[in-house]
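Working through the structure, step by step
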Amino acid sequence: MRSLAAGCWLVAGVAVAAAATEPLTQFRPSAATSEYGAVSEVEFSTPLLELEPGSLAHHLPHAMKDYRFAEPVWVIAYRTEVLDAQGKAPLANYLCHTFFGDQRVVQRQDQEMLAVYSDHYTPEVRLPEGLGIRLTPEENLHWMPMFNNRGADPTRVAMKVTLWVIREKDARKPLRRIYSTLRSVQVPHLYFVPPGRDEKQMTFQAPFDGRIHFLGIHIHPYGEFLELYNATRQERVWKGRPREVYSSAEGYPVRAGETYRITAVYENPTQAPIDAMAGLFLFYSR
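Residues numbered from 1 in each chain as written. Predicted model: local features only at pLDDT ≥ 70, side-chain atom pairs only at ≥ 80, totals over all residues. Heavy atoms only, no water.

1. Some remarks on the overall build of the protein chain
Worth spelling out the cut-off: Segments assigned H or I by DSSP are reported as helices when at least four residues long, segments assigned E as strands when at least two residues long, and all are numbered from the N terminus. Restricting the calculation to C-alpha atoms gives the radius of gyration, and the globule rule supplies 2.2 Å times the number of residues raised to the power 0.38. The buried label goes to any residue with under 20% of its type's maximum accessible area, the exposed label to any with over 50%, and the partly exposed label to all in between, with areas taken from a 1.4 Å probe on protein chains only. Every residue pair with non-hydrogen atoms within 4.5 Å of one another is taken to be in contact.
Regarding its fold elements, the protein chain presents zero helices and 26 strands. In terms of overall dimensions, the protein chain is globule-like: its C-alpha atoms have a radius of gyration of 19 Å, near the 19 Å expected for 286 residues. For the protein chain, the C-alpha atoms occupy an extent of roughly 55 × 50 × 40 Å along the three principal directions. Expressed as a percentage of its 286 residues, the buried residues of the protein chain come to 53%. Relative to all contacts within the protein chain whose residues are 6 or more apart in sequence, the contacts with residues 24 or more apart total 80%.

2. Topic: the pairing of strand β11 (residues 115-119)
As a reminder of what qualifies: Whether two strands pair comes down to DSSP finding at least two bridges between them.
Buried residues dominate β11, accounting for five of its five residues. Side chains Ala-115, Tyr-117 and Asp-119 of β11 all project onto a buried face; the interleaved residues Val-116 and Ser-118 project onto the opposite face, where all are buried too. Pairing geometry for strand β10 (residues 95-101) and β11, over five bridges, is antiparallel. Residue pairing for β11: Phe-100 is matched across the bridge by Val-116.

3. Brief notes about the sheet that holds strand β24 (residues 259-268)
The test is simple: Here an axis means a line fitted to C-alpha atoms, over the contact stretch when the element is a helix, while the angle between two N-to-C directions is reported on a 0 to 180 degree scale.
Spatial strand order, β19-β24-β21-β22: four strands in an open sheet with antiparallel pairing. In this open sheet, the two strands that pair with only one neighbour each are β19 (196-205) and β22 (235-240). If you compare each strand with its neighbour and ignore which way they point, the axes differ by 15° on average. With seven bridges connecting them, strand β21 (residues 223-230) and β24 associate as antiparallel partners. Residue pairing across strands places Leu-228 opposite Ile-262, the latter belonging to β24.

4. As for the nonpolar core
For the record, the criterion: We call a set of buried residues a nonpolar core when its members are Ala, Val, Leu, Ile, Met, Phe, Trp, Tyr or Cys and they connect through side-chain atoms within 4.5 Å of each other.
If you look at the biggest cluster of nonpolar residues, it comprises 78 residues, and the most contacted ones within it are Phe-100 and Leu-228. For this core, the element with the most residues is strand β26 (residues 278-285), which contributes six residues. Tyr-36, Ala-77, Trp-164 and Leu-175 belong to the second largest nonpolar core, which has eight residues in total.

5. Quick look at the packing of aromatic side chains
Stated formally: The aromatic pairing rule takes the rings of Phe, Tyr and Trp, using the six-membered ring of Trp, and pairs them if the centres are within 6.5 Å, calling planes under 30 degrees apart stacked, those over 60 edge-to-face and the rest tilted.
In this structure the tally under the stated criterion is 14 aromatic pairs. With a centroid separation of 4.7 Å and 35° between ring planes, the pair formed by Phe-44 and Tyr-67 is classed as tilted. Pair noted here: Phe-44 is in strand β5 (residues 40-45) and Tyr-67 is in strand β8 (residues 65-69), with a separation of 23 residues, a long-range link. Here the two residues Phe-44 and Tyr-67 agree in accessibility, since each one is buried. A ring pair is formed by Phe-208 and Tyr-284, whose centres lie 4.1 Å apart and whose planes are at 10°; its orientation type is stacked. Taken together, the positions of Phe-208 in the loop between β19 and β20 (210-219) and Tyr-284 in strand β26 put the pair 76 residues apart, joining distant regions of the chain.

6. A look at unusual backbone geometry
Peptide bonds are, in most cases, trans, and in most cases residues other than glycine have a negative phi. Omega for the peptide link from Val-187 to Pro-188 comes to 0°, which places this bond in the cis form. Phi is positive for Ala-57, which is not a glycine, with a value near 45°. One can find Ala-57 in strand β7 (residues 55-58). We note that Gln-234 has phi near 60°; this positive angle belongs to a residue other than glycine. For Gln-234, the location among the structural elements is in the loop between β21 and β22.

7. As for the side chain of Ser-118
To keep things clear, this is the line we draw: Two N or O atoms form a polar contact when they lie within 3.5 Å of each other; inside protein one atom must be a possible hydrogen donor and the other a possible acceptor, and for residues adjacent in sequence the pair counts only when both atoms belong to side chains.
By the element assignment, Ser-118 lies in strand β11. For Ser-118, a relative accessible area of 2% gives the class buried. Engagement of the side chain of Ser-118 in a polar contact is seen with the side chain of Thr-80, the distance being 2.7 Å. Excluding residues that lie within four positions of it along the chain, Ser-118 makes contacts with Tyr-78, Thr-80, Cys-96, His-97, Thr-98 and Pro-123.

8. Some thoughts on the environment of Thr-203
You can see Thr-203 is positioned in strand β19. Other than its neighbours up to four places away in sequence, Thr-203 contacts Thr-259, Tyr-260 and Arg-261.

9. A closer look at the sheet that holds β20
The strand order across the open sheet built from four strands is β17-β26-β20-β23, with neighbouring strands paired in antiparallel fashion. Strand pairing shows two members of the sheet lacking a second neighbour, β17 (179-184) and β23 (246-254), which therefore form its edges. The mean angle between the axes of side-by-side strands here comes to 35°, regardless of whether they run parallel or antiparallel. Relative to β26, β20 runs antiparallel, the two being bridged by eight bridges. Across the sheet, residue His-218 finds its bridge partner in β26, namely Gly-279.

So yeah, pure geometry; function would need other evidence.
Below, the structure written as structure tokens:
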């Protein structure tokens, strides 16, 4: 959400200076293929960052970056990686989640974005063939990497993102434009689960007519599943466990004003509260 002051942003109620925008111009040919056009890859990353013990949903101001594509592109897939000081994947789970898109993510539930999301259990997303997120030079794109360090010692890690795109000039036939949003079972998104079973629900009304084409979940360790339920039609849309996604070129039909319910279940086997988040990232056409 933009603040009133030029050159600043409002994130969770705190004004922060906007970073300089970096151009995304380094496209390289990809081994991935699409009947809709030649696929290219773009990468960007953080430097090595120090994570203190007990850091949860941790986003460091100097790790966040603003980007801009120099030409129109269609994002069709992406991957997020966390690397240690030796450039290898660490054994521990340090990726909380990340956002890259045309808005800053704030603690609310109604943002329609041109954005991608990922988390530890869903680090890679490939959208159904023929669908894409169209980004142009007019969009100021913000990247917000977020980390967890549940260990007792500090650690140093970096995060890297790879985007698979079809440059508009390389498109062989039209792609269908999709949008995205994040819906969590509660705000603020970070909460704590006591020992035993915990279930949380949230309802919302669909603000558009269209189709849901992709669903992924953001969940922390000991999360069992998230479910999206159409309360108006009394039918389940999708129930997903960690590492599962819903993906469909045809999509699930949505009508404005329908009521939907998100349910998240955790099973905490420890004797102490555990950290939790539970949300769905949705990609849809209008």
